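Chain by chain, the residues run as shown.
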Amino acid sequence: MGIDFHSKNNGSTYTTRSADESWIKAINKLVPIETISKALDIGCGGGIYCKALSDMGIDSVTGVDFSQAMLTGAKENCKNYKNITFQYGTAFDSGLNRNSFHLLLERALIHHIEDLQGCFNEAYRLLQDGGYFIVQDRTPEDCLLAGNESHLRGFFFELFPRLAEKETKRRHNSQSVREKLKEVGFRDIEEIQLWETRKVYATKEQLLNDLRERTGRSILHELDDLELNLLINHIDASIAIDVDIVERDRWTIWRAVK
């Protein structure tokens, strides 16, 4: 199965939350945001992180995505942000001018891409000299951490091993990402791990409803409805608390400089 990013039915699935303070703090440590005036988010989805970059004080933010349905959702999500614009494009051909941006973000993108070099070549082309490139994704090691009351994704893979196999196959290891960044010409590469708060649920029922809708979780589109119900019941039984559930995911972030 898998999610259809081009379906209008999924256009708002990545618009339903805000970037957490844990992410904002991590980016501020990696990048001197006060020096950034133009930022680009490739694979912007519903515009969640475009809004975050704007809220951090960046004057101009551009979001690029290969799905018109996602862009429609992003425009609605960011309609009150006059400094955010969107356009259709891909990680290999953004349609934007070279040497145009001080910061480029690619969050949760590269696991959809086999040709890292082509993707990173386009990023290098778009950045000004001295510009910052932030790549955020999960490595195979990030994916296979055990499930608990905060790390819910771990339960997905414990219950359905085929999801773990699919997930690890599509993820790039940290060494290959660093090597491709160097080959393209990036320098000052730094790597960190981040436990990013994904969402805080006031009640367990809010969490379970989020899972039922597969909201913002492409991996759950690999399950049919019966399997999804099994997973929801498993998570319901595995989590003892009923209120103030803080969901966190572990990510790897690579910072590089052109």
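One can find the structure itself at the top, above this paragraph.
These lines cover the structure that appears in this document, whether it is placed above or below. Everything numeric in this text was worked out from a predicted model, so none of it was measured.

Structural notes on the pairing of strand β7 (residues 243–257)
- The sheet contact formed by strand β5 (residues 127–137) and β7 spans six bridges and is antiparallel. By the bridge assignment for β7, Y132 is matched with V257.
- Pairing analysis gives 13 bridges linking strand β6 (residues 187–203) to β7, with the strands arranged antiparallel. In the strand pairing of β7, T197 is matched with R248.

Remarks on the packing of helix α4 (residues 116–126) against helix α8 (residues 174–184)
- Interaxial distance between α4 and α8 falls to 9 Å at its minimum, and their mutual angle equals 50 degrees. With respect to α8, the axis of α4 lies oblique. The two elements α4 and α8 cross, and the hand of that crossing is right-handed. Seen from α4, the contacting residues are L116, Q117, F120, N121 and Y124; seen from α8, they are S176, V177, K180, L181, E183 and V184.
- Of the residues in the contact of α4 with α8, the class split is six nonpolar, three polar and two charged.

Brief notes about the pattern of salt bridges
- Under the definition given, this model contains 25 salt bridges.
- For R171, the salt bridge goes to D137, with nearest N and O atoms at 2.4 Å. Separated by 34 residues along the polypeptide, R171 in the loop between α7 (161–170) and α8 and D137 in strand β5 bring together distant segments of the chain.
- Among the ionic pairs, E227 bridges to R162, the shortest N-O distance being 3.0 Å. Remark: R162 occurs in helix α7 and E227 occurs in helix α10 (residues 225–238); sequence separation between them is 65 residues.
- When salt bridges with common partners are traced through the structure, they connect R198, K199, D210, R217 and E247 into a single cluster.

Description of the nonpolar core
- The biggest cluster of nonpolar side chains holds 31 residues, and the ones touching the most others in it are W23, V31, L53, I58, F86, L103 and I134.
- Residue assignment for this core shows that the elements contributing at least two residues are α1 (21–30), α2 (48–55), α3 (68–77), β3 (84–88), β4 (101–107), β5 and β7.
- Residue contacts for I58: discarding those within four places in its chain leaves I33, I36, S37, K38, A39, L53, N83 and L103.

Details of the side chain of R217
- You can see R217 is positioned in the loop between α9 (204–212) and α10.
- The exposure class of R217 is buried, given its relative accessible area of 0%.
- Setting aside anything within four residues of it in sequence, one finds R217 in contact with Y14, R153, F156, R198, Y201, L207, D210, L211 and E247.

Criteria and cut-off values
Residues numbered from 1 in each chain as written. Predicted model: local features only at pLDDT ≥ 70, side-chain atom pairs only at ≥ 80, totals over all residues. Heavy atoms only, no water. Pairing = 2+ DSSP bridges. Helix = DSSP H or I, 4+ residues; strand = E, 2+ residues; numbered from the N terminus. Axes fitted to C-alpha atoms, helices over the stretch in contact; angles between N-to-C directions. Parallel < 35°, antiparallel > 145°, perpendicular 65-115°, else oblique. Left-handed = near helix turned anticlockwise from the far one by under 90°. Contact = heavy atoms within 4.5 Å. Nonpolar A, V, L, I, M, F, W, Y, C, P; charged D, E, K, R; others polar. Salt bridge = Lys/Arg side-chain N within 4 Å of Asp/Glu carboxyl O. Core = buried A, V, L, I, M, F, W, Y, C linked by side-chain atoms within 4.5 Å. Buried < 20%, exposed > 50% of the residue type's maximum accessible area, 1.4 Å probe, protein only.

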